[in-house]
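Examination of the molecular architecture
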Amino acid sequence: MDMKVAKKLGLKERYSLMTRDLAWDTTYQPMDKVFPQTTYEGIKIHDWDKWEDPFRLTMDAYWKYQSEKERKLYAILDGFNQNNGHLSVTDARYINVLKLFLGSTPPLELMAARGFSMMGRQMNGAGPRVACQMQAVDEYRHFQTQIHSISNYNKYYNGMDEFAHQQSRMWYLSDGKSFFDDAITAGPFEFMVAIGFAFEYVLTNILFVPFISGAAYNGDMAAMTVGFSAQSDEARHMTLGLECIKFMLEQDPDNLPIVQRWIDKWTWRGTRKLASVGMMMDYMLPKRIMSFKEAWEMYVEENGGALFKDLARYGITIPKCFSQTIEEKEHVSHQSWIGFYMKPQATPFHTWIPTPDEMDWLSEKYPNTFDKYYRPVLEFFDAQEKAGNRFDNKTAPMNCQVCVSTMKFNEPGDPMEMCFRESIYKGEKFHTCSDHCKEIFDNEPEKYSQTFISSHQVLQGNCEPDGTDVNAPDFKPGQNMLDYWKLDKRALGDFNGSEDQKNFAAWREQATKN
Amino acid sequence: MAIDLRTVSITPLRQTFGHLARRMGADKPASRYIEATMDLQPVENYHYRPTWEPQYDIFDTTRTAIKMKDWYALKDPRQYYYGAWTLARGRMQEVAEGDFDLVDELGLAAAYPAEGKAQALKTFLPLRHVAWASNLNKAYVSSYGYGIAISQATCYASMDQLGVAQYVTRLGIAFDDLDALATAKKDWLEGAEWQELRRYVEDLMVEKDWFEVLVAQDFALEGLLYPLIYERYNEKLNAAYSPVFSMLTRFQREWFGETTKWLDAVIKATGADNADNKAKLAEWIKKWRDRAVVALKPVAALAFGAEADAIMAELVQNLNARAAKAGIAL
Amino acid sequence: MSNAFIAFQKNDESRCIVEAILEDNPGAMVDDQPSMVKIDVPNRLVIKRETVEEKMGRSFDLQELQLHLITISGNLDETDDEFTLSWNS
Ligand SMILES: [Fe+2]
Ligand SMILES: [Fe+2]
Ligand SMILES: [Zn+2]
């Protein structure tokens with residue numbers, strides 16, 4: 001009789017037997033010493049057993065499916081590399097999106113891996129702990145497959161060779177670094193809202209889905225495979241983030257205001273990070289399937305909206321920043337691209353002025369803003385470049401103390417006016433880029449006064465190439481930034497005239513003549 | 001335009017990433033393991049200090065007494081990056097699946113002699129909780145360890161132990177369904193044979209030095225437990241009854257054989273870095289080995305009766321020999 | 001009413017899954033994109049194991065969805081027979 005019982009178990013019971021039934025409350029050491037981090041943020045959990053497991057994969061099933069995915073992925077990568085697949089992309093400008101995307105993403109995936117390992121150690125419910133551990137190991141997969149896919153591109157194109165060195169040093173990577181540093185230094189529940197919910201549920205869709213679909217459209221089978229294959233894990237991660245939010249809200253009504261503040265904060269921080277994704281979609285993909293604005297509407301406004309409506313039953317309201325992000329969707333991609341265009345000597349990827357066709361596409365996709373505000377700027381730069389006067393802004397940028405973006409966003413309601421806010425903390429002045437960043441600062445000034453702002457650090461002599469003698473009498477800070485960043489000179493400047501452009505053309509020529 | 005890109009032969013501008021060329025001392029192609037591992041963890045310019053432990057940076061070398069000139073000397077000789085690890089485990093799970101199916105199909109568990117079965121389940125099944133603790137303690141090492149070489153290997157090992165806990169659970173189900181698991185849990189929580197072992201793994205859950213946790217959990221405890229149960233005890237059961245338990249714990253045996261290579265390489269590289277490390281490792285190994293012997297004695301007695309002491313003494317000799325081979329004189 | 005959605009990489013297996021979804025979810029909308037296909041259903045999207053098995057002509061474990069998934073939206077509930085995404089609104 002007994003023998004039949006286990007076989008009759010449904011997926012849920014069986015999974016529970018394979019996870020939380022393994023756990024026990026420790027007695028030789030007190031539970032609050034074994035799990036010391038889950039109370040100090042003020043979140044109240046009364047019954048960890050009420051946690052609903054999302055995606056119930058036991059390790060045997062996990063290994064079975066993941067190994068099948070990996071086998072396929074590496075077969076495609078190998079084939080792509082052996083066949084000079086890099087020459088099949090639409091045009092060499094496309095490579096720059098890889099420099100930016102695959103150069104900046106692996107370090108973030110790595111932080112997700114380490115952060116979720118910490119959650120997989122610290123959460124004192126067995127259900128969430130296992131789900132976090134599984135996400136951690138998935139995130140190892142992501143940064144590694146991404147590195148493996150750029151590895152081949154790096155052999156032929158400039159600007160990807162120092163991504164590991166640059167992750168903690170480059171000015172424009174500092175916003176992503178601060179996002180993850182902020183989350184990982186917060187308590188475990190805030191981390192889950194920041195990464196599990198805001199990043200995975202609200203943002204990875206737009207980060208990966210339309211963009212990777214765009215990579216496929218531009219002939220990059222390697223990036224497509226790696227991107228979509230990672231995204232299949234993200235589906236699991238999203239459910240974990242959402243489950244964690246629901247769990248906190250169901251456990252105690254006192255959790256609501258804390259969770260709401262985190263949702264507000266992290267939705268905004270995530271939105272700021274998306275500005276550069278917008279520019280990748282609108283400016284850097286030679287062939288485009290949809291504009292950033294359209295993707296934003298589909299994945300953030302509609303999908304995020306559905307989510308917030310769903311959470312309304314717990315008392316959650318739509319994040320305060322939502323209306324501003326909707327206003328900004330018509331601006332941020334242009335502001336970002338122009339911002340990067342103006343600094344050709346400070347990034348390892350090339351920038352360029354869109355072709356007339358491409359500008360027309362932008363006019364069509366952004367009827368309210370492109371012709372009015374951004375086309376004139378781009379056409380002016382274009383004329384300057386043709387006159388031999390390519391724009392090059394050498395002044396150090398000013399950064400937001402919270403999101404660490406360079407100040408380039410407009411005052412709400414006034415696209416012509418740059419937005420600045422300031423706060424005073426312990427007698428010192430701190431600048432932020434928006435009302436929302438200012439609010440985040442004012443909530444936790446002791447944390448955000450620590451932000452590593454490279455333009456400030458440069459002046460203090462903290463951004464010098466290794467081995468620099470900062471006490472030498474003739475030492476002047478910030479004279480050797482290219483060395484500090486290890487920026488290859490061939491990777492700098494406008495796309496027009498670059499080594500990438502010439503090589504790609506020559507190699508393609510070789511193929512057609514054969 | 002039909003173009004054949006395969007025929008294009010072009011000279012690469014470079015063979016590998018800058019950080020790897022500097023590490024290898026030459027611009028030459030690097031393996032996927034090297035690409036996926038070396039020098040990737042941030043080491044500088046952190047924005048904020050952890051609110052949960054403000055005395056440390058996010059990644060901090062002072063979380064252990066061990067000092068390394070190069071934390072990436074703790075390489076994995078198996079060269080496991082995620083893809084290699086998951087493919088290896090995918091193969092092992094396929095074999096395990098076949099074994100469980102076969103036992104089920106042929107009714108081998110039901111046919112197992114009753115007296116042997118009861119005693120074996122009493123010994124094996126509480127080990128699902130030991131594996132669960134191992135999963136947690138390895139997760140600690142992976143979370144707070146320094147550098148991706150050690151953090152990834154321990155992350156995989158931690159997931160492996162979750163797998164082990166689940167395979168032991170399936171073993172219980174295969175033989176005696178849910179009641180056996182409930183009994184085993186009760187034994188784990190209250191049975192006299194298991195309390196020293198439970199104390200051992202719970203004490204490790206509050207130990208702060210991650211390297212010491214690694215030594216205590218992986219080297220000392222598992223270095224004795226795995227040979228004791230998954231090798232010796234299985235051999236005893238094979239001889240007395242049939243190899244069914246051996247079949248259904250094949251994963252654990254293979255895992256231990258393979259993981260030992262990694263762990264011994266890590267211990268060896270750590271000791272080789274400096275004399276203080278060597279001394280520290282010797283101190284930890286002795287301390288935790290002696291505790292592990294105390295913790296495992298009642299379990300050994302359960303499995304081997306009167307022969308238990310002799311077997312434990314032999315396994316301790318083997319563990320000492322592993323340490324010696326890794327350059328650690330005890 | 002909000003849409004629940006799911007997206008798959010395009011391949012032969014996911015083609016069968018999509019067919020099954022269309023059969024079981026009146027009102028499903030298909031969005032065909034380069035190398036991916038996305039299906040939106042107002043409020044509730046269900047994938048039934050039986051229907052997928054019929055389309056594939058073999059037995060199918062709903063956890064195999066892992067192999068082809070790109071993204072989902074909605075609260076997930078997973079049993080041996082059904083994979084459901086839904087919004088409470
Ligand atoms: Fe990821
Ligand atoms: Fe993720
Ligand atoms: Zn800001």
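Refer to the preceding data block for the structure.
Residues numbered from 1 in each chain as written. Chains lettered and ligands numbered in written order. Predicted model: local features only at pLDDT ≥ 70, side-chain atom pairs only at ≥ 80, totals over all residues. Heavy atoms only, no water.

Right, let's talk about the overall build of chain B for a bit. Regarding its fold elements, chain B presents 12 helices and 0 strands. Of the regular secondary structure in chain B, the N- to C-terminal order runs α-α-α-α-α-α-α-α-α-α-α-α. Counting only C-alpha atoms, chain B reaches 70 × 60 × 40 Å along its principal axes. Expressed as a percentage of its 330 residues, the buried residues of chain B come to 63%. Within chain B, contacts between residues separated by at least 24 positions form 77% of all contacts whose residues are at least 6 apart in sequence. Per element, the accessible surface of chain B, about 11,600 Å² overall, is 54% carbon and sulfur. Both charge centroids of chain B, one from 39 positive and one from 44 negative side chains, sit 5 Å from each other. (Helix = DSSP H or I, 4+ residues; strand = E, 2+ residues; numbered from the N terminus. Buried < 20%, exposed > 50% of the residue type's maximum accessible area, 1.4 Å probe, protein only. Contact = heavy atoms within 4.5 Å. Areas by Shrake-Rupley, 256 points an atom, 1.4 Å probe, with all protein chains shown as cover. Lys, Arg positive; Asp, Glu negative; His and termini not counted. Charge placed at Lys NZ, Arg CZ, Asp CG, Glu CD.)

The next point concerns the coordination of the zinc ion (ligand 3). Residues and elements named next belong to chain A. Around the zinc ion (ligand 3), the donor atoms from the protein are C400 (SG), C403 (SG), C433 (SG) and C437 (SG), and they sit 2.3 Å away. Taken together, the 4 donor atoms surrounding the zinc ion (ligand 3) define angles of 107 to 114° at the centre, an arrangement classified as tetrahedral. Taken in sequence order, the residues that donate to the zinc ion (ligand 3) follow the motif C-x2-C-x29-C-x3-C. Just as C433 is buried, C437 falls in that class too. (Donors = N, O, S within 2.8 Å, 3.2 Å for Na, K, Ca; no water. Tetrahedral: all angles 85-135°; square planar, octahedral: opposite > 155°, others 65-115°.)

Looking along a regular strand, one sees the side chains alternate between the two faces of the sheet. Residue and element names in this part refer to chain C. For strand β2 (residues 29-33) and strand β3 (residues 36-42), the ladder comprises 5 bridges, and the chain directions are antiparallel. Residue pairing for β3: D32 is matched across the bridge by V37. If you look at the hairpin formed by β2 and β3, you'll find 2 residues sitting between the two strands, and S35 has a positive phi there, around 55°. (Pairing = 2+ DSSP bridges.)

Our next topic: the coordination of the iron ion (ligand 2). Each donor-metal-donor angle in an ideal tetrahedron of four donors is 109.5 degrees, and each such angle in an ideal octahedron of six donors is either 90 or 180 degrees. All names here are of chain A. Every protein donor of the iron ion (ligand 2) is accounted for by E139 (OE), E200 (OE), E200 (OE), E234 (OE) and H237 (ND1), and the metal-donor separations fall at 2.0 to 2.7 Å. All donors to the iron ion (ligand 2) come from one chain, and their sequence spacing reads E-x60-E-x33-E-x2-H. Separating the iron ion (ligand 2) from the iron ion (ligand 1) is a gap of 3.2 Å, which E139 spans by donating to each of them. Of this pair, E200 sits in helix α9 (residues 188-217) while H237 sits in helix α10 (residues 221-251), and the two are 37 residues apart along the sequence.

Let's shift gears to the packing of aromatic side chains. Evaluation of the coordinates by the stated rule reveals 64 aromatic pairs over all chains. Relative to F189 of chain A, the ring of W48 of chain A has its centre 6.1 Å away and its plane inclined at 20°; by these criteria the two rings are stacked. Of this pair, W48 of chain A sits in the loop between α3 (31-34) and α4 (59-82) while F189 of chain A is found in helix α9, placing the two residues 141 residues apart along the sequence. Assigned by exposure class, W48 of chain A and F189 of chain A land together as buried. Arranged with centres 5.1 Å apart and planes meeting at 85°, the rings of Y112 of chain B and F245 of chain B form a pair that is edge-to-face. Highlighted residues: Y112 of chain B in the loop between α3 (82-106) and α4 (114-124) and F245 of chain B in helix α9 (residues 244-248), separated in sequence by 133 residues. Every member of this aromatic cluster is reached through a ring pair, and the members are Y112, F124, F175, Y226, Y230, Y233, Y241, F245, W255, F256 and F304 of chain B. Positioned above the aromatic ring of Y48 of chain B, the side-chain terminus of K447 of chain A is 5.3 Å from the ring centre. Over the ring of F100 of chain B we find R170 of chain B, and its NZ or CZ is 4.4 Å from the ring centre. (Phe/Tyr/Trp six-rings, centres within 6.5 Å; stacked < 30°, edge-to-face > 60°. Lys NZ or Arg CZ within 6 Å of the ring centre and 35° of its normal.)

This paragraph deals with the nonpolar core. Among the nonpolar cores identified, the biggest contains 310 residues, and F197 of chain A together with I6 and I47 of chain C are the most heavily contacted of them. Excluding anything up to four places from it in sequence, F197 of chain A contacts M192, V202, G241, L242, I245, I263, L307, F308 and L311 of chain A. (Core = buried A, V, L, I, M, F, W, Y, C linked by side-chain atoms within 4.5 Å.)

All names here are of chain A. Looking only at helix α16 (residues 370-386), the buried set comprises F370, Y373, Y374, R375, L378, F381 and E385. Those residues of α16 that are buried are in contact with α11 (255-284), α14 (332-341), α15 (356-365) and β2 (414-418). One or two steps after α16, the chain reaches G388, where phi turns positive at roughly 80°.

Residues and elements named next belong to chain C. Strand order in this open sheet of 3 strands is β4-β7-β6, and the pairing throughout is antiparallel. Strands at the two margins of the open sheet, each flanked by one partner only, are β4 (44-48) and β6 (75-78). Each adjacent strand pair in this sheet contributes to an overall mean axis angle of 10°, direction not counted. (Axes fitted to C-alpha atoms, helices over the stretch in contact; angles between N-to-C directions.)

All right, on to the interface of chain A and chain C then. On the chain C side, the residues contacting the 37 residues of chain A number 31 residues. Contact between chain A and chain C buries roughly 3,000 Å² in total, counting both sides, with carbon and sulfur atoms accounting for 56%. Among the residues chain A hides against chain C, the three largest losses belong to L11, F55 and Y65 of chain A. Together they make up 20% of the total. On inspection of chain A and its partner chain C, the count reaches 1 salt bridge. Between chain A and chain C we count 12 residue pairs in polar contact (both at pLDDT 80 or more) in total. Elements with a contribution of two residues or more to the side of chain A that touches chain C: α2 (11-18), α4, α9, α10 and α12 (292-311) of chain A. Ranked by the residues each element gives to the side of chain A that touches chain C, the list is headed by α10 of chain A, at 11 residues. (Buried area = accessible area lost by both parts, 1.4 Å probe. Salt bridge = Lys/Arg side-chain N within 4 Å of Asp/Glu carboxyl O. Polar contact = N/O pair within 3.5 Å; in protein donor to acceptor, adjacent residues only side chain to side chain.)

Reported here for the largest pocket is a volume of approximately 1,000 Å³. Lining the largest pocket are 35 residues, with R14 and D60 of chain A together with E97, D101 and R170 of chain B sitting closest to its centre. For the lining of the largest pocket, the secondary structure elements donating two or more residues are α1 (2-8), α2 and α4 of chain A together with α3 and α6 (148-190) of chain B. Here the lining of the largest pocket takes 6 residues from α3 of chain B, the largest share from any one element. When its residues are assigned to classes, the lining of the largest pocket shows 15 nonpolar, 6 polar and 14 charged. (1 Å grid on protein atoms, 1.4 Å probe; cavity = no way out; pocket = protein on both sides within 12 Å on 5 of 7 lines; lining within 4 Å. Points joined across faces, edges and corners; volume = space filled by probe spheres on them. Nonpolar A, V, L, I, M, F, W, Y, C, P; charged D, E, K, R; others polar.)

Attention now goes to the sheet that holds β2 of chain C. The antiparallel open sheet is built from 4 strands, whose spatial order is β2-β3-β1-β5 (chain C). Since the sheet does not close on itself, it has two edges, and those belong to β2 and β5 (69-73) of chain C, each with one partner. Pairwise comparison of adjacent strand axes, ignoring direction, gives a mean angle of 15° for this sheet. Sheet contacts for α9 of chain A: β1 (3-9), β2, β3 and β5 of chain C; angle to β5 of chain C, the most-contacted strand, approximately 140°. Sheet contacts for α12 of chain A: β1, β2, β3 and β5 of chain C; angle to β3 of chain C, the most-contacted strand, approximately 25°.

Residue and element names in this part refer to chain A. Relative to the assigned elements, R390 resides in the loop between α16 and β1 (410-411). Through-space distance from the C-alpha of R390 to that of F143 is 36 Å; in sequence the pair is 247 residues apart. In contact with R390, not counting residues within four places along its chain, are Y341, P344, T351, Q384, E385 and D494.

With that out of the way, let us pick up the interface of chain A and chain B. On the chain B side, the residues contacting the 112 residues of chain A number 95 residues. A buried area of about 9,200 Å², summed over both sides, lies between chain A and chain B, and 59% of it is on carbon and sulfur atoms. Its largest share of buried area at the contact with chain B, chain A owes to W24, Y28 and W63 of chain A, together 10% of the area lost on that side. Between chain A and chain B we count 55 residue pairs in polar contact (both at pLDDT 80 or more) in total. Broken down by element, the side of chain A that touches chain B gets its largest block of residues, 18 residues, from helix α6 (residues 126-156) of chain A. The residue inventory of the side of chain A that touches chain B, partitioned by class, reads 44 nonpolar, 36 polar and 32 charged.

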